[in-house]
Amino acid sequence: MVTLNDIREAQARLQGVALHTQLIESDIHRRDRSDDRTLFLKPENLQPIGAFKLRGAYNKIASLTPEQRARGVITYSSGNHGQGVAYAARALGTAAIVVMPSDAPALKREATIALGAEVVLVGPGSVERQQRAEELAERQGYAIVPPFNDEKIIAGQGTIGLEILEDLFTVETVLVPVGGGGMISGISAAIKLSNPSINIIGVEPELAADAQASLRAGKISESSADEATRTIADGLRSQSIGPINFEHIRKYVDDIITVSEFEIRQAVRILAANPKTVAEPSGAVTVAGFLFHRAQLPKARVHVAVISGGNIDPQLLEEIRQSATVEKVET
C-alpha cells in the first residue's frame, strides 16, 4: 500500500515538472436553483501533455536506476499514459516505446510520437497491449512503466489529492474518474490518510463498469475487449482494475457510480464552454456524475470533480456540439 510519505516524495520529484493545477469554481449546475452545492474543477487537462498521466509516469521513471533508464522504458497505453511516459522519458534522457491499440485516437498517437516515443500498434484489448509490452521488455531489457498497477505510478497520481487538500481544506466530496484505478488509488490514499471524513467517489462509464462491479463483489471483475471498447471514454477502457489498485480502492474509496454515454457527451459539451475546462470524454465523467447523479452522491456541499484530461479530437468535440444543437431544435 502506498503511504502518505510515498506521495510526498513523489510531489518533491514532480516540482518543476507537473503543474500544480489550480481549482476552478464552477456554476454549471446553478441552472437548478434548488442545487445549493459548490463545485470546484481540478483541471488536469492543463498539464503539459493535456492529462494527469505525467505525474505517475515521471515519478516511476525518475525512480528507476541509471542502468534501467539506459536500457529504455516501455509501456502500454490507449493514449494519455503513453504521452506521459514519452514526455518523462525525454526529460530524463531515456528512450521510450509505447504499445497502443490500433483504435487509439490519432490525436493521442501522433502526440506520443511527437514527444519522441516509438509507437507499436496492436489490437483494441488492454490485455493484448500489456502482453506485447511484456514480451518486448523481456526480449530487449526495457523497464516497464505500467499505466496504473504500480506503487510509484499510484504515488505520482496521489499528488493530485495533496494539491486538492492544500487548496480547499473544506472539501467534502471528491469525484475521480476510474479506468485501471491508478488515479483513484493515489488520490484516495492521499486524502483518506490526511482526512478520513472526506468522501471519495469513483465515476466510470456504465458501458465499462468493471470497477464498480469489482467493488460490489469484493473481487476483481473483468470485461472483454469488445465490452470495454463500447464507451466513448477511450481513456477508461481498461478491461479490469489492477490488483494493487483494487486494494487501495477497497480501503479508501466510498463508492463508484456509473454514467451513461449521453451524460458523458453532455458533460463534454458543457465543459467546453470554458477553454480552461475542455475535457475529453474520460475527463468529463466526474462532471457527468455530479450533474446527473446527485441522488447517488453523499449529501455534501463542497465538491471537487477531477478533469483527468483534455485531449479530445476536434472533430469529436464538434460532433458533440452539433448533436446538442440538433437535440435542442428537435425539442
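Residues numbered from 1 in each chain as written. Predicted model: local features only at pLDDT ≥ 70, side-chain atom pairs only at ≥ 80, totals over all residues. Heavy atoms only, no water.

**Q** What exactly am I supposed to notice about the overall build of the protein chain here?
**A** The number of helices and strands found in the protein chain is 14 helices and ten strands. What you see for the protein chain is a C-alpha radius of gyration of 18 Å, in line with the 20 Å of a compact globule of 331 residues. With respect to the principal axes defined by its C-alpha atoms, the protein chain has extents near 60 × 45 × 40 Å. The buried share of the protein chain, taken over its 331 residues, is 59%. Partitioning the intrachain contacts of the protein chain with sequence separation of at least 6 by distance along the chain shows that 73% fall at a separation of at least 24. Carbon and sulfur atoms provide 48% of the accessible area of the protein chain, an area that totals close to 13400 Å². Put simply, the protein chain has 34 plus and 40 minus side-chain charges, and the middle of one group is 3 Å from the middle of the other. (Helix = DSSP H or I, 4+ residues; strand = E, 2+ residues; numbered from the N terminus. Rg over C-alpha atoms; globule rule 2.2 N^0.38 Å. Buried < 20%, exposed > 50% of the residue type's maximum accessible area, 1.4 Å probe, protein only. Contact = heavy atoms within 4.5 Å. Areas by Shrake-Rupley, 256 points an atom, 1.4 Å probe, with all protein chains shown as cover. Lys, Arg positive; Asp, Glu negative; His and termini not counted. Charge placed at Lys NZ, Arg CZ, Asp CG, Glu CD.)

**Q** In this structure, what is going on with the sheet that holds strand β4 (residues 96–101)? I would like to understand it.
**A** In a beta sheet, neighbouring strands pair by backbone hydrogen bonds and run either parallel or antiparallel. Ordered by their spatial adjacency, four strands build an open sheet running β5-β4-β3-β6, and the pairing between neighbours is parallel. Only two strands of the sheet have a single partner each, and these edge strands are β5 (118–122) and β6 (143–144). As paired strands, β4 and β5 are joined by five bridges and run parallel to one another. Counted as the bridge partner of P101 is V122 from β5. (Pairing = 2+ DSSP bridges.)

**Q** Whenever I open this one, the pattern of salt bridges confuses me. Can you help?
**A** Working definition: two side chains of opposite charge can pair if their charged atoms are close together. This structure, assessed with the given rule, holds 14 salt bridges. A salt bridge links R55 to E44; the nearest nitrogen and oxygen atoms lie 2.8 Å apart. Of this pair, R55 sits in helix α2 (residues 54–63) while E44 sits in the loop between β2 (38–43) and α2, and the two are eleven residues apart along the sequence. The closest approach of N and O atoms between D254 and K192, which form a salt bridge, is 3.0 Å. You can see D254 sitting in the loop between α11 (243–252) and β9 (255–259) and its partner K192 sitting in helix α8 (residues 182–192), a full 62 residues away along the chain. Using a relative accessible area of 40% as the deciding quantity, one classes D254 as partly exposed. Linked by salt bridges that have partners in common, D35, D36, R37 and R294 make up one network. (Salt bridge = Lys/Arg side-chain N within 4 Å of Asp/Glu carboxyl O.)

**Q** Explain α8 here, please?
**A** For the α-helix, the turn length of 3.6 residues means that residues three or four positions removed from each other point alike. Among the eleven residues that make up α8, eleven are buried, leaving the element largely enclosed by the rest of the structure. If you follow the buried residues of α8, they end up packed against α1 (4–13), α7 (151–167), β7 (173–177), β8 (199–205), α11 and β10 (302–307).

**Q** Even after reading the chapter, I still don't get the environment of R109, so can you show me in this structure?
**A** As for its position among the elements, R109 is in helix α5 (residues 106–114). R109 sits 186 residues away from A295 along the chain, and the two C-alpha atoms are 38 Å apart.

**Q** What is the right way to look at the packing of aromatic side chains in this model?
**A** Aromatic ring pairs: the centre-centre distance and the angle between the two ring planes describe each pair. Taken as a whole, this structure holds zero aromatic pairs when the rule is applied. It is R37 that lies over the ring of F290; its NZ or CZ is 3.7 Å from the centre. (Phe/Tyr/Trp six-rings, centres within 6.5 Å; stacked < 30°, edge-to-face > 60°. Lys NZ or Arg CZ within 6 Å of the ring centre and 35° of its normal.)

**Q** Please clarify how the environment of L121 should be interpreted in this entry.
**A** Inspection of the secondary structure assignment puts L121 in strand β5. Under the relative-accessibility criterion, L121 is labelled partly exposed at 46%. With residues up to four places along the chain from it excluded, the contact list for L121 reads M100, P101, S102 and R109.

**Q** Teacher, can you tell me more about the nonpolar core here?
**A** Soluble globular proteins tend to bury their nonpolar side chains together. One finds L41, V268 and L271 to be the most contacted residues of the largest nonpolar core, which totals 28 residues. The set of elements that each furnish at least two residues to this core consists of β2, β8, β9, α12 (261–271), α13 (281–292), β10 and α14 (314–330). The leading source of residues in this core is α13, at five residues. If sequence neighbours within four positions are ignored, L271 has contacts with I28, L41, T277, V278, A279, A284, V287 and I307. Of all hydrophobic cores here, the second largest spans 27 residues; its members include F40, V174, I187 and V306. (Core = buried A, V, L, I, M, F, W, Y, C linked by side-chain atoms within 4.5 Å.)

**Q** Sorry, what's going on with the pairing of β8 here?
**A** For a regular strand, side-chain orientation follows a simple rule: the groups alternate between the two sheet faces. Among the seven residues in β8, seven count as buried, and that is most of the element. Across the two faces of β8 the burial is the same, with N199, I201, V203 and P205 and I200, G202 and E204 all buried. Where β7 meets β8, five bridges bridge the pair, whose relative direction is parallel. If you follow V176 over to β8, its bridge partner there is G202. The parallel pair β7 and β8 is bridged by α8, and the resulting crossover is right-handed. Taken together, the five bridges between β8 and β9 define a ladder with parallel strand orientation. Paired with G202 across the strands is I256, a residue of β9. (Right-handed = clockwise from strand over helix to strand, strands pointing away.)

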